[in-house]
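Topology and contacts: notes
Single-letter residue listing:
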Amino acid sequence: MKKIFKIIIPVVVVFLLGGCAKYRVQPLNRLMATSFNNDEQSISFAYKVFNLNDCKRFLDRNVLAKGYQPIQITIVNNSNKYINFSRSGFSLPFVSAEEISKKVHTSTLGRAAGYGVVSLFVLWPLIIPAIVDGVKSSSANSKLDEDFIRKELSDQIISPFTSINGLIFVSKEEFTSEFRITLIDSRNSKKLELSTSNSIMKIC
């Protein structure tokens, strides 16, 4: 019996360590925005409403189940103007990535406690994956926080002939497939409006 336990216990420990908390994602690819001819100046945008597969691939968490809709947006400034982008110019009320990331954290305390109880009453070697998983869970949460914030579109100036790309998070209850983005020409404060029905604007 002791020999069997010597074989089983390491196998169980290795198996559990393989299931420890992780955070693995892919970087966001820039979306292809419509444009006029190369000799015509314009500002345009493309967007993608995330589904479950997108959430798993780029965020490693099902944020849809938590009540939030990620929208990827690429804005291309094919002009000689400096354009001011602000999330306040987005027609749908946004939720910060920092707030959402905290709601999809792996429960470090819960996972460690679960392992710990079993290790005390069943197999003491389970204390090893309990410790390792607690550390990895905390690390995964930190990486998640950093990645969510890095992928979120922030208020910024879009320089001439450059683009920005990132996510805006919206409550699913307030999400609609039709929305607008109001940009500001930083030189004269003129408003430039793009929308799902008019995703490109010619600049004279």
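1. Let's talk about the sheet that holds strand β3 (residues 83-85)
On the basis of which strands lie adjacent, the open sheet formed by four strands has the order β5-β3-β7-β8 and antiparallel pairing. Each end of this open sheet is capped by a strand with a single partner; those strands are β5 (156-158) and β8 (191-195). Between one strand axis and the next, the sheet turns by 35 degrees as a mean value, whatever way the strands run. Inspection of the sheet shows β3 paired to strand β7 (residues 180-185) by two bridges, in the antiparallel sense. Residue I83 lies in a different strand from β7, and its bridge partner there is D185.

2. Section: the environment of A46
As for its placement among the helices and strands, A46 is situated in strand β1 (residues 42-49). A residue is classified by how much of its surface remains accessible, and A46, at 12% relative accessible area, is buried. Distance from A46 to T196, taken between C-alpha atoms, is 8.5 Å for residues 150 residues apart in sequence.

3. Observations regarding the nonpolar core
Counting 21 residues, the largest nonpolar core has I43, I73, I75, F85, F90, I181 and L183 as the members making the most contacts within it. Taken together, the elements giving at least two residues each to this core come down to β1, β2 (68-78), β3, β6 (162-171), β7 and β8. Each residue touching I73, except ones within four places of it in the same chain, is listed here: F45, A46, Y47, F90, L153, I164, N165, G166, I168, F179 and I181. Judged by nonpolar contacts, the second largest core, of 18 residues, contains F50, V63, I100 and F148.

4. Considering the pattern of salt bridges
A side chain with one charge can pair with a side chain of the opposite charge if their charged atoms come near. One pass over the structure, following the stated rule, counts 11 salt bridges. With a shortest N-O distance of 2.8 Å, E152 and R87 are connected by a salt bridge. With E152 in the loop between α5 (127-151) and β5 and R87 in the loop between β3 and β4 (94-95), this pair connects stretches of sequence that are 65 residues apart. Here E152 falls in the buried class, since its relative accessible area comes to 15%. Several salt bridges converge on common partners, so that one network encompasses R87, E152 and D155.

5. Considering the pairing of β1
Taken together, the eight bridges between β1 and β2 define a ladder with antiparallel strand orientation. Of the residues in β2, the one forming a bridge with K48 is Q72. Pairing between β1 and strand β9 (residues 200-202): three bridges, direction antiparallel. Residue pairing across strands places I43 opposite M201, the latter belonging to β9.

Conventions used here
Residues numbered from 1 in each chain as written. Predicted model: local features only at pLDDT ≥ 70, side-chain atom pairs only at ≥ 80, totals over all residues. Heavy atoms only, no water. Pairing = 2+ DSSP bridges. Helix = DSSP H or I, 4+ residues; strand = E, 2+ residues; numbered from the N terminus. Axes fitted to C-alpha atoms, helices over the stretch in contact; angles between N-to-C directions. Buried < 20%, exposed > 50% of the residue type's maximum accessible area, 1.4 Å probe, protein only. Core = buried A, V, L, I, M, F, W, Y, C linked by side-chain atoms within 4.5 Å. Contact = heavy atoms within 4.5 Å. Salt bridge = Lys/Arg side-chain N within 4 Å of Asp/Glu carboxyl O.

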